[in-house]
Amino acid sequence: MSNHKQIISVFTALKLKKLILKKASEVQGRSVNYKINYEMELNTGQYEAVMHHEGPALVIAGAGTGKTRTLVYRVARMIEDGIAPQSILLLTFTRKSASEMLRRASLLLDGRCEDVSGGTFHSFAVQVLRQYAKLIGYDNNFSILDQSDSEDAINLLRTEFIEKGAKRRFPTKTTLQRIYSMSVNTKTDIAAIIEDEYSYFLDDSDRIIGLLGFYEEYKKKHNLMDYDDLLLNLLRLMKEHTSVLNTLHKMYHFIMVDEYQDTNKLQHEIVLLLSGSRSNIMAVGDDAQSIYSFRGASYQNIMFFPESFSNCKIYKIEENFRSSNQILDLSNQLIKEAIFKYDKNLFSSKPTGELPYIVATRSEREQSEFLVQQILELRENGVPLNNMAVLFRSAFHSFDLEIELEKANIPFEKFGGMKFIETAHIKDMVSFMRILSNPADAVSWQRVLLLLSGIGPKKAAQVISMISDGTIKLSKADSLSEKGIPENIREMIKMISEMYFSEMSISDKCTVISEYYRHLLKQKHDDWKKRWEDIETFITISERYNNLQNFLNDMALDPPSKSLSDMEAENNDNEILTLSTIHSAKGLEWQAVFIIWALEGRFPSSKAVHSIDSIEEERRLFYVACTRAKEYLYISYPINIFDRESGFVLSEPSRFISKIPDTIVERFVVADGGSDISLN
DNA sequence: AGCAGTGATGTTTTT
DNA sequence: CATCACTGCT
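Residues numbered from 1 in each chain as written. Chains lettered and ligands numbered in written order. Predicted model: local features only at pLDDT ≥ 70, side-chain atom pairs only at ≥ 80, totals over all residues. Heavy atoms only, no water.

Let's talk about the overall build of chain A
- Secondary structure assignment for chain A yields 27 helices and 20 strands.
- Per-residue burial for chain A yields a buried fraction of 55% across its 680 residues.
- Accessible surface, chain A: about 30,600 Å² in total, of which carbon and sulfur atoms supply 50%. (Helix = DSSP H or I, 4+ residues; strand = E, 2+ residues; numbered from the N terminus. Buried < 20%, exposed > 50% of the residue type's maximum accessible area, 1.4 Å probe, protein only. Areas by Shrake-Rupley, 256 points an atom, 1.4 Å probe, with all protein chains shown as cover.)

In structure tokens form, the structure reads like this:
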């Protein structure tokens, strides 16, 4: 968003504020002539939340109770009341869900709804920081490190901290990054995190703390922010610069936060500051669906939300419009055993449906075969493929199924797991582009320099330090020959310099870079042809942008999740089956849902069984999975699976389903029926 | 000194 | 299957 536009929106917001107050006072007495008949279209719980006017509110909305609908109608209602769209801030978990809500609100009312400010906490933070980063010692063109960039940066420093000849292994870059991120997001000392969660690294504690301290300096020096910094620095900006906070208060008068159960301490603090003395804040969420504690989220945020304000209204929405009573019985049963929760019991007025199935198969292959068969059968019975989903705990759980689906010619789209943007070749391309935006971006330099043969960490570090101290500058003239730089590096810097000063469009720059990159790709990967297709997709995506920073923001915060083949499939909107991790399935619903690998050791994951808290989280995850289903729910697990990781044979069904009474589920065992598999 | 190739080792979930 | 740590090669 340009500066200019934001200033205008501040003025419109200010101008309309008087209007709001007048209207609101009118509302108290008699109802305004709304275009939408809210009372008719919503149930009581939803209606009350939609009509909530000013002051803090918490909406506890169980799964499938029309939480999104409530938010959509509230946006429409506020705009009907004359509130300036720009002064409403809608913070959501993904950017997709923000734009989807605003789209629905627009359909409901009119185009003004599209002007509501919205996005994720992270994208909101970037918007603000791009304007004010200077105030806290960053350049406005800072680069955003995603998780793997952050790991790479940590890895650079890691080697220096490894003790020679140590008996135990020093934590990997992934672990280190996780410790750091957890420490930031929960506002806890690194030492405490290690003690609680990584006690086997206790001996390395000092080294880890030292390393992560260097990591922080490194980021500052090279004008880099990781995901956690975005929140942290936004908070700093608001705390240390009242002028910024005041500006934000002038801009945003009403704040709504979706999926509040998945916010962490930093985000909660941001919300508190942002809502200011007006406290026009509405938090919406469901404590039973809190599934992001590994990222520092805490259901306590929602549990204790009312305590953060003096007069917080609480609305509860419990009527479920999604699932059959049979599915709800199972879900309620599951969550009944949870330890901490707001009391709630979902009920549905939907007609009676089938009992959920729990199906045991003898092998993984058989589980896949059973699914294929059942999917085809449902389809025969009129359930389209895009109304079915297969959900699983971890992305790799679907590998075997994917093979079977391909054999059976069932088109599918997978969410979660490895993303387009995370593949090495796309990361390489993004790194080149990031350098064009922030030439001090050492992480990107490191990445692209290592692509060259004969260049390792030492040489790369040397070149990078020459870049940061100005010995090497991006310039139109080739001034590197006298500095003893190897030919291939000179060539690369020359190419980058040309692009840096060029007036070409973003996609043209991408094309030039990709042509340079092609020979490196061929050298490195045998399957370069397949990867090259992805790069062509990347160029196509870049055509949509005319601002480099926006392009890079989106690549870091809202990357395209699908690879080329999936994108093509989407265009001819044929029936496509959804495969998804449960985390990525949040907020979605299907007529038929399959949950696979409901096996002790897989789900709950063997990594989660060590603590009550993480088992509780697995339970909520299972709950989320079940409540995605409208009519049909199939839970399956193979037995007698050898688990390479633990060296054990996994043979117990998931603890979450083993205690479910037989009156509310139907249990099956798969057996051979001639050449076919049949249920009995 | 620093790079690249090789065999052992662990593998959740995402903005 | 990718990452790590070691070792031999330049």
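What about the packing of helix H4 (residues 67–80) against helix H5 (residues 95–108)?
- Where H4 contacts H5, the two axes come as close as 9 Å, and the packing angle between them is 55 degrees. Comparing their axes, H5 and H4 come out oblique. Once H4 is placed against H5, the crossing between them reads as right-handed. Residues Thr68, Arg69, Leu71, Val72, Tyr73, Val75 and Ala76 of H4 pack against Met101, Arg104, Ala105 and Leu108 of H5. (Axes fitted to C-alpha atoms, helices over the stretch in contact; angles between N-to-C directions. Parallel < 35°, antiparallel > 145°, perpendicular 65-115°, else oblique. Left-handed = near helix turned anticlockwise from the far one by under 90°. Contact = heavy atoms within 4.5 Å.)

Side note on the confidence of the model for chain A
- Per-residue confidence for chain A averages 86 on the pLDDT scale, and 89% of its residues sit at or above 70.
- Scored below 50 in pLDDT, residues 1–30 shows 33 contacts in the model against residues more than four places distant or in partner chains. (pLDDT = per-residue confidence, 0-100.)

Regarding the nonpolar core
- Formed by 112 residues in total, the largest nonpolar core has its most connected members in Phe432, Met433, Trp445, Phe538 and Phe551.
- The residues contacting Met433, other than those within four sequence positions of it, are Ile506, Lys509, Cys510, Ile513, Phe538, Leu548, Phe551 and Leu552.
- With 60 residues, the next largest nonpolar core counts Leu378, Trp590, Phe622 and Val624 among its residues. (Core = buried A, V, L, I, M, F, W, Y, C linked by side-chain atoms within 4.5 Å.)

Things to note about the protein's contact with DNA strand B
- If you check the shell around DNA strand B, you find 27 residues, and the closest are Arg295, Arg393, Ala395, Gly454 and Ser584.
- Among the atoms of DNA strand B lying within 4 Å of the protein, the sugar-phosphate backbone contributes 59%.
- At 3.3 Å from a phosphate oxygen of DNA strand B is found a main-chain nitrogen or oxygen belonging to Lys458.
- The contact in question runs from a phosphate oxygen of DNA strand B to an N or O atom on the side chain of Thr581, over 3.1 Å.
- Among the elements that line the surface near DNA strand B, the one with the most residues is helix H20 (residues 457–468), at three residues.
- Considering only residue class, the surface near DNA strand B consists of seven nonpolar, 11 polar and nine charged. (Near = heavy atom within 4 Å. Polar contact = N/O pair within 3.5 Å; in protein donor to acceptor, adjacent residues only side chain to side chain. Nonpolar A, V, L, I, M, F, W, Y, C, P; charged D, E, K, R; others polar.)

Details of the environment of Ile335
- Residue position: Ile335 is located in helix H15 (residues 325–336).
- For the pair Ile335 and Glu616, spaced 281 residues apart in the sequence, the C-alpha separation amounts to 9.5 Å.

A look at unusual backbone geometry
- Residues Phe603 and Pro604 are joined by a peptide bond in cis, for which omega reads 10 degrees.
- Within the secondary structure layout, Pro604 lies in the loop between strand E15 (590–595) and helix H26 (612–626).
- One non-glycine residue, Lys187, lies in positive phi territory at about 50 degrees.
- Here Lys187 shows up in the loop between helix H8 (173–185) and helix H9 (190–197).
- Of the residues examined, Lys187 reaches a relative accessible area of 44% and is grouped as partly exposed.

A few points about the packing of aromatic side chains
- One pass over the structure, following the stated rule, counts 22 aromatic pairs.
- Ring plane angle 85 degrees and centroid distance 5.1 Å describe the contact between Tyr180 and Tyr215, whose orientation is recorded as edge-to-face. Linking Tyr180 in helix H8 with Tyr215 in helix H10 (residues 205–221), this pair joins segments that are 35 residues apart in sequence. We note that Tyr180, like Tyr215, is buried. (Phe/Tyr/Trp six-rings, centres within 6.5 Å; stacked < 30°, edge-to-face > 60°.)

Overview of the pairing of strand E3 (residues 117–120)
- The sheet contact formed by strand E2 (residues 88–92) and E3 spans four bridges and is parallel. Opposite Leu89, over in E3, you have Ser117 as the bridge partner.
- Regarding topology, H5 serves as the crossover connection from E2 to the parallel E3, and that connection is right-handed. (Pairing = 2+ DSSP bridges. Right-handed = clockwise from strand over helix to strand, strands pointing away.)

Remarks on the protein's contact with DNA strand C
- Looking at DNA strand C, the residues that line it are Arg158, Ile162, Arg169 and Lys173.
- Between Arg158 and DNA strand C, the recorded distance is 3.0 Å, taken from a side-chain N or O atom to a phosphate oxygen.
- A breakdown of the residues in the surface near DNA strand C according to their chemical character gives one nonpolar, no polar and three charged.

Description of helix H24 (residues 548–557)
- Among the 10 residues that make up H24, eight are buried, leaving the element largely enclosed by the rest of the structure.
- Residues of H24 that are buried include every one of Leu548, Phe551, Leu552, Asn553, Asp554, Met555, Ala556 and Leu557, and no others.
- With a side-chain oxygen positioned 2.8 Å from the backbone nitrogen of Gln549, the residue opening H24 is Asn547.

Things to note about the sheet that holds strand E6 (residues 254–257)
- Read from one edge to the other, the open sheet built from six strands follows the order E3-E2-E6-E7-E1-E8, with strand pairing classed as parallel. Among the strands making up the open sheet, the edge pair consists of E3 and strand E8 (313–317). The sheet shows a mean angle of 15 degrees between the axes of neighbouring strands, taken without regard to direction.
- Examined bridge by bridge, E2 and E6 share four bridges and lie parallel to one another. In the sheet register, Ile88 faces E6, and the bridge partner there is Phe254.
- Sheet contacts for H5: E2 and E3; angle to E2, the most-contacted strand, approximately 135 degrees.

Here's the deal with the pattern of salt bridges
- For the coordinates displayed, the defined rule picks out 37 salt bridges.
- With its nearest N and O atoms 2.9 Å apart, the salt bridge here joins Lys219 to Asp226. Neither Lys219 nor Asp226 differs from the other in exposure class; each is buried.
- Across the pair Glu616 and Arg619 runs a salt bridge whose closest N-O atoms are separated by 3.7 Å. Here the residue Glu616 and the residue Arg619 both occupy positions in helix H26, the gap between them amounting to three residues, near one helical turn. (Salt bridge = Lys/Arg side-chain N within 4 Å of Asp/Glu carboxyl O.)

Side note on helix H6 (residues 121–132)
- Taking 1.5 Å as the rise per residue, H6 with 12 residues should run 16 Å; its terminal C-alpha atoms sit 16 Å apart, in good agreement.
- The buried fraction of H6 is high, at nine of 12 residues.
- By the burial criterion, the buried members of H6 are Phe121, His122, Ser123, Phe124, Ala125, Val126, Val128, Leu129 and Arg130. (Expected span 1.5 Å × (residues − 1).)

Examining the environment of Cys626
- With respect to the helices, strands and loops of the structure, Cys626 is situated in helix H26.
- Along the sequence, Cys626 and Phe594 sit 32 residues apart, while their C-alpha atoms lie 8.8 Å from each other.
- Discounting residues that sit within four places of it in the chain, Cys626 has contacts with Ile327, Leu330, Ser331, Leu334, Ile595, Leu633 and Ile635.

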